[in-house]
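One-letter residues, chain by chain:
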Amino acid sequence: MNSPHSFRRREVLRSMVGGSLLMPGVLSELLAAGSADPLAPKRPHFPAKAKRVIFIFCNGGVSHMDTFDPKPALFAADGKTMGLGGGLSNQQRVLLKPGWKFRPGGQCGTMVSDLFPKLRDMMDDICLIRSMKGDDNEHANATLGMHTGSFFFSRPSIGSWVSYGLGTMNSNLPSFVALAPQMPYAGTQIFNNDFLPAYHQGVRVVGGKEPIADLDRRTRQKGQQELELGLADVLNNKHLSTRAGDSDLSARIRTFETAFHMQTEAQEAFDVNKESDATLSMYGMKRGDNESFGWQCIVARRLAERGVRFIEVVDGSSSKNWDDHADMAKHADHAKRIDQPIAGLLRDLKERSMLNDTLVVWTTEFGRTPGVDGTKGRGHHSACFSSWLAGGGVKGGLAYGATDEIASTVVENKVHVHDFHATILHLLGFDHTKLTYRHGGRDYRLTDVFGNVISEMLA
Amino acid sequence: MGAEAVFYRALNLNGSALTIGGHAWESAAGAKDVKVSGKTFENQKVLLKPPTDTARTQMIRSSVWGSKVDVELGNVPSGEFQVFLYVWEDNNNERFDLLVNERVVMAGFESGTAGMWKKLGPWPCESVGGKIKVSAHAASHGAANLSGLEIWSGGAAVPKLAKMPFVETPTADQIAFFEAKIRPVLVEHCDKCHSAKSEKIKGGLLLDSRAGVVKGGDTGPTLTPGDPAASLIIQALRHTSEDLAMPPKKMLPAQVIADFEAWVRMGAPDPRTENTVAAVQAKSTIDWSKARDWWSFRPLAAPHLPAVQNAQWPVNDIDHFVLAKLEAAKLKPAAAADKPALIRRATYDLTGLPPTPEEVAAFIADSSPQAFAHVIDRLLDSPRYGERWGRHWLDVVRYADTAGDNSDYPIPQMHRYRDWVIAAFNRDLPYDEFVRDQIAGDLRGGANDEERYQRTLATGYIANSRRFGSRVEDYPQHLTIEDTIDNLGRSFLGLTVNCARCHDHKFDPITTQDYYALYGIFHSTRYPWPGIELDKKQRDLVPLVPVDKIAEAEAARAAREKEQARLDKAAKSLKEEMKQAAPDKKKALEASLAAAEKAAKDFARRPLPFEYAYAVAEAKKREDVAVQQKGDPAKPGDTVRRHFLTVFGGAELPANSQTSGREQLAGWILAKENPLPARVMANRIWQHHFGRGIVPTPNDFGKQGKPATHPELLDYLAVQFRARGWSVKAMHRLIMLSRTYQLGTARDEDAVAHDPTNELLAGFPRLRLDAESIRDTLLTLGGNLDLTPAGAHPFPPQSEWNFTQHNAFKAVYETNRRSVYLMTQRIQRHPYLAIFDGADPSASTPARPTSTTPLQALYLLNDPFVHEQSRRFAERLRSFSSDDTARIQRAYELLFARAAQADEIAAGKAFLANAARQLREDGMSAAQIDTESQHAYVRALFRLNEFVYLD
């Protein structure tokens, strides 16, 4: 028994494409050729511009009337009691005026508050939705709903659906990555594959020294792991030779090759040290930073470049976030944390000609009440809130939908969470009613039995 | 008759011209032939209730007002008109009358609170002398705010009678109107969702026939003949509310809506004769005798043993069924598995652990015909058996140690149910008893206290239903009950009963009435309260005490709560005192406060003198419930008597039954006439032996499930299962002693080519170890598997629970006990189990998927646990012998239950030499090199396919 090193095949293929970042798709298809790889790239239902998604989720409920939904009447009505405060209590509450001025941004002149001065400059690339609506005023339920289309039951995450629908362009990295240094509401449910096959599980990246669990080589001696894998490869191939044709066995052998390469390739993707100072500053980062929101954003771009299909960027956690019941002034700190990095991400994607085929989504679980909570805060408000889309196939510079004068309810062009999901899937080339999975006796889909594509938002 | 109402004029009574709803509004100030009396008023800062679009808002908030306001239009052609008037309130409620052409059309109108507005009308009128006059008359001090006037010409006169029937025989004019104005719109805009041809009929409403229009939909009648304002269809067309807006995407032109109003006013004349309602009903009505003919509902009968050509081959009846199919497909069965492979397969199968080299050697040495039967008996007698097969059941019942609400509250008592399941398998509790205990054990009593406790613990099955949300008010108990019914249907009947929650089951003969009949049973059951964010303390648990001590136990609990309250209060008042105290007294107070707080905390941590079960009991109110239309508890329909599924005869509880009906339910499920429990469980047993059920969808024996590969074999097994007293262990013996079970995995080329997925079982299917078996094996090999049965998890004491959705309960408790004892959370997946396809803790897992992912490989490459276990295993090998060959041989025996072959020994030795060289180059000492290279060797073996696959 000699030591044929099947790792070689990959090395050879890899050297052929010279590690070019533009080639992982080709590489992956070459490597997947002839195998029943459940993550092999798949075509959607119809051609689409967006090839991948960066899904930015802000925990806690971002106030819409303080950020993207200007309400002059609410400034004027400060202190009045009017209508339902909405949200958690459904009581009438004294109205609280927004805490920041609104100014027009970009050529389109969409009004955005001073909380997001950098994003405001990007409004020509952004399709703003001011008429989002959810079904639940509880953080956990609303967060689950925004990720799975189900506000109560565990269901596959949107990232898992996209992975299931499109496969991945780079088999050395997971197809669905959640950059979540801290745990969001509803816990691991929000990036769980649930009943979809485990290949579509969101892999959580926590940042820091070992961004993915078990990614660090635990054997320190040089060449040791290769030696171990070499022995395993020899013995596995012997085992396989008397069980020819069992594709499960060969598939499992392959996963060790992939894992072996992930150790370096994934580490390389998370290591932003090779980025220029200019790029780092675009994201508002300092060199050496490996855990800030800026780091999450730049890694999102790096993963997008490397063929990861769905990248979720989680801002905050279930305990530290935008949930400003006590004092809305704190929104300034949260906004400061994300404004520059997200604007930088959009700019960077644009400069690299990636924005046209990358769909960037920004959202939160719900908005906040026009009425005051405590003396200076706002409550939970799912009746309306703001979100936005940018990039792949999206009509930039548009402000879609409207709420009433105090931002308490949608009055024009409602976009329910299901509609939001349907539109995202459409941008990726899917008919949301046909991207289904048979489980427990019925066909499930992300949008349950609801959802309309909002065609006005398509470029 | 002027049936067609068309837009005539609209006036903004104070303000500029604008466009509203697609119609041009004139400014009354400059409009021709318009006279307005009253003072002008504007306040654009008042917020309107309800909110509306910008133009309308602007129009409404500028108005004319006074105690008497008149608006007069001149030069109006003769004919019928419809008048709409916009009124609003800018501060306090006003009361006034409204008149059209001096006739009161609304008396004592109340304008409401600031911001409220209304579009009143339509009021039908005729022009009088070329004029239409609209007036508001308030009391002398009052003031009416009139904002806008909208006038349409034409439209049928509003009938004086409040109630008007649907037109039975339309006139020629009416037919013409319908054909020209109504039918085309219905076809173009409504048919997609509201016709017999719809892919899905929405809201239960059919608009493609007169019968459908007359019947109405789930929300109510389509229309009130003669009264457009009161008609749902008109409200929907006008998009009056978000929930009732049709067509949903875009409002139809005002003219079309006016046509529909005119049509409603006429009494909805409709010449269509086809009855689509009857047609749809006929299609959806269940033909029960046909429904009962579905294969899995048919009565159980022992099938004939099929004849086989090779009569020598079958060892027992099972083999006849398998061989007959193989012979029909002209395939040959594989050779028998060799003894090492067979004992490894059987040991993992029954215990989830590897055989020891001694057990393997003994089996090989035993040449008696009963050798394998003895192995099976030994394994079935092992307590490890229940830990393995109990886990299979825990998968099905989505066992979890936490509740699943948004804060995922721990359930410290839940493990007693888990342990009951494990013990039930170990003592071979007959399956019918097993079912009865889980559904109604608390109602069954027992020969002694212990038996009663055990049966109570068994109802932890129902209690373990998932909890949802964080709300206290409007707590979604209906979802928890759905979870119970969902699981009950799948686990015991192999049916997706919960699909009938919102509508009749789409595929199987289960009605919404059936669903709410079962719902009533669980509505009449008291579930324990696990605690949620805003109501943190457990309650409604069941004390495990002798019957005559229940009152005493409850009293003790009450006394304890009282004492706790007293201690808490004492600590609190001392704390208050501290705040007020003078600085010199603080020191002394500090000490007594600390003592009081400690006393309160210590008392809270003291265990109760008796145990509580997380189990169910009869609810205070035991009653039938109403159907929840579309699954919405806020929309009650007719009340249904608690009963069993109609397809099985629909046995029902007597009226005003004083029990929940759980005991009866268990009886109905297990009734001789119901073949499903035997078929479903026999299939599960087969499934866990062969990796796949005879029915490959073990939780779905309905139309959406997959058909049986060997239907006669399944019935044979089900009949045997009942005949052998529902003994699960008897079934293991029956199945494992078949020749089929003992086949090798190497199938010939023919079999592989013609039956690639091995449905016909020409050979034994190669199986992969599940998550628990891999972890338990690593612990066994490391010599540190703790075999003591686990009790409770180390949850924090209840007195310290403060979990919220912001700070949900999250924990991973490390343990060296078997994996079935790992603490399992509903919301947070256990990191290891998530990677290796562990069971879903929030929904039934009928069969584990076997994914093959790089993350699993990464785990085996780098996880500290794997490295620690390799180190331990390597140390065992090193202490076993100092000779590499002997070590390698031992490793193979322990890992693969077989001897190492010469080339494998050579490869191992070559590896050790290479590794040693490398380590030496790294500057390692000789002693370290022996250790480290051995570790490396073991790590490589842990990654082998042979390690995780069973032949």
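Residues numbered from 1 in each chain as written. Chains lettered and ligands numbered in written order. Predicted model: local features only at pLDDT ≥ 70, side-chain atom pairs only at ≥ 80, totals over all residues.

**What about the overall build of chain B?**
For chain B, the helix and strand inventory stands at 33 helices and 21 strands. Its C-alpha atoms give chain B a radius of gyration of 38 Å, clearly above 30 Å, the size a compact globule of 951 residues would have. Along the three orthogonal principal directions, the C-alpha set of chain B runs to about 120 × 100 × 70 Å. Looking at the 951 residues of chain B, the share that counts as buried comes to 46%. Look at the contacts in chain B between residues 6 or more apart in sequence, and 69% of them connect residues 24 or more apart. (Helix = DSSP H or I, 4+ residues; strand = E, 2+ residues; numbered from the N terminus. Rg over C-alpha atoms; globule rule 2.2 N^0.38 Å. Buried ≥ 20, exposed ≤ 12 C-beta atoms within 10 Å, placed from the backbone. Contact = placed C-beta atoms within 7 Å.)

**Some remarks on the sheet that holds strand β4 (residues 34-36) of chain B**
Residue and element names in this part refer to chain B. In space, the five strands of this open sheet follow the order β4-β7-β12-β9-β10, with antiparallel pairing throughout. Edge positions in the open sheet fall to β4 and β10 (103-110), since each of these has one partner strand only. Looking at each pair of strands side by side, their axes are set apart by 10 degrees on average, direction ignored. Sheet topology places strand β7 (residues 68-73) next to strand β12 (residues 132-138); six bridges connect them, and they run antiparallel. Among the inter-strand pairings, Glu72 is bridged to a residue of β12, identified as Lys133. (Pairing = 2+ DSSP bridges. Axes fitted to C-alpha atoms, helices over the stretch in contact; angles between N-to-C directions.)

**As for unusual backbone geometry**
Residue and element names in this part refer to chain B. With omega at 0 degrees, the peptide bond leading from Gly121 into Pro122 counts as cis. With respect to the helices, strands and loops of the structure, Pro122 is situated in strand β11 (residues 117-126). The backbone of Lys330 sits at a positive phi, close to 60 degrees, despite the residue not being glycine. Structurally, the position occupied by Lys330 is in the loop between α8 (317-328) and α9 (339-351). Note on Lys330: 9 C-beta atoms within 10 Å, which makes it exposed.

**Description of the environment of Ser470 of chain B**
Residue position: Ser470 of chain B is located in the loop between α16 (460-463) and α17 (477-493). Distance from Ser470 of chain B to Asp408 of chain B, taken between C-alpha atoms, is 9.8 Å for residues 62 residues apart in sequence. For Ser470 of chain B, the contacting residues outside a window of four places in its chain are Glu138 and Ala140 of chain A together with Asp405, Asn406, Ser407, Ile532, Glu533, Leu534 and Gln805 of chain B.

**Observations concerning the domain arrangement of chain B**
It is common to give the size of an interface as the accessible area lost on bringing the parts into contact. Considered domain by domain, chain B is made up of domain 1 (6-153), domain 2 (172-284), domain 3 (389-540 + 616-670), domain 4 (545-610) and domain 5 (861-950). Taking the mean C-alpha position of each, domain 1 of chain B and domain 4 of chain B sit 69 Å from one another. (Domains from an automatic or database assignment.)

**Details of helix α10 (residues 293-305) of chain A**
All names here are of chain A. Between the first and last C-alpha of α10 there are 19 Å, a value that for 13 residues agrees with the 18 Å anticipated at 1.5 Å per step. Of all 13 residues in α10, 11 are buried, a share of seventy percent or more. Here the buried face of α10 lies against β1 (52-58), β7 (176-179), α8 (247-270), β9 (310-315), α11 (331-351) and β10 (358-364). Looking one or two residues beyond α10, the residue adopting positive phi is Gly307, at roughly 95 degrees. (Expected span 1.5 Å × (residues − 1).)

**Thoughts on the interface of chain B and chain A**
Taken together, the contact pairs 69 residues of chain B with 65 residues of chain A. Ranked by residues supplied to the side of chain B that touches chain A, first place goes to helix α31 (residues 902-921) of chain B with nine residues. Residues of the side of chain B that touches chain A, tallied by class, amount to 28 nonpolar, 24 polar and 17 charged. (Nonpolar A, V, L, I, M, F, W, Y, C, P; charged D, E, K, R; others polar.)

**Structural notes on the nonpolar core**
Ranked by size, the top nonpolar core spans 353 residues in total, and within it Leu179, Ala300 and Ile311 of chain A together with Ala682 of chain B carry the most contacts. Element by element, the count of residues in this core is highest for α8 of chain A, at nine residues. (Core = buried A, V, L, I, M, F, W, Y, C linked by C-beta atoms within 7 Å.)

**What about helix α20 (residues 583-605) of chain B?**
Note on helix geometry: an α-helix contains 3.6 residues per turn, so any two residues three or four positions apart are oriented the same way. When the terminal C-alpha atoms of α20 of chain B are compared, their 33 Å separation across 23 residues agrees well with the 33 Å that a helix rising 1.5 Å per residue should span. If you look at α20 of chain B, its biggest bend is around 30 degrees, right at Leu589 of chain B. (Bend = angle between axes of the 7 residues up to and from the residue.)

**Focus on the confidence of the model for chain B**
With 98% of its residues at a pLDDT of 70 or more, chain B has an overall mean of 91. With a pTM of 0.79, the predicted complex shows an ipTM of 0.78. (pLDDT = per-residue confidence, 0-100.)

**Topic: the pairing of strand β6 (residues 62-66) of chain B**
All names here are of chain B. Burial of β6 is extensive: four of the five residues sit out of reach of the surface. Here strand β5 (residues 39-42) pairs with β6 via four bridges, running antiparallel. When the sheet's bridge partners are listed, Phe41 is paired in β6 with Ser63. Looking at chain direction, β6 and strand β13 (residues 144-153) are connected through three bridges and run antiparallel. Bridge assignment links Val64 to a residue of β13, and that residue is Leu146.

**With respect to the confidence of the model for chain A**
All names here are of chain A. On average, residues of chain A carry a pLDDT of 87, and 90% of them reach 70 or more. Within the model, the stretch residues 1-35 combines pLDDT values under 50 with 42 contacts to residues more than four positions away or in other chains. Counted against residues more than four places away or in other chains, residues 84-89, with its pLDDT under 50, gives 23 contacts.

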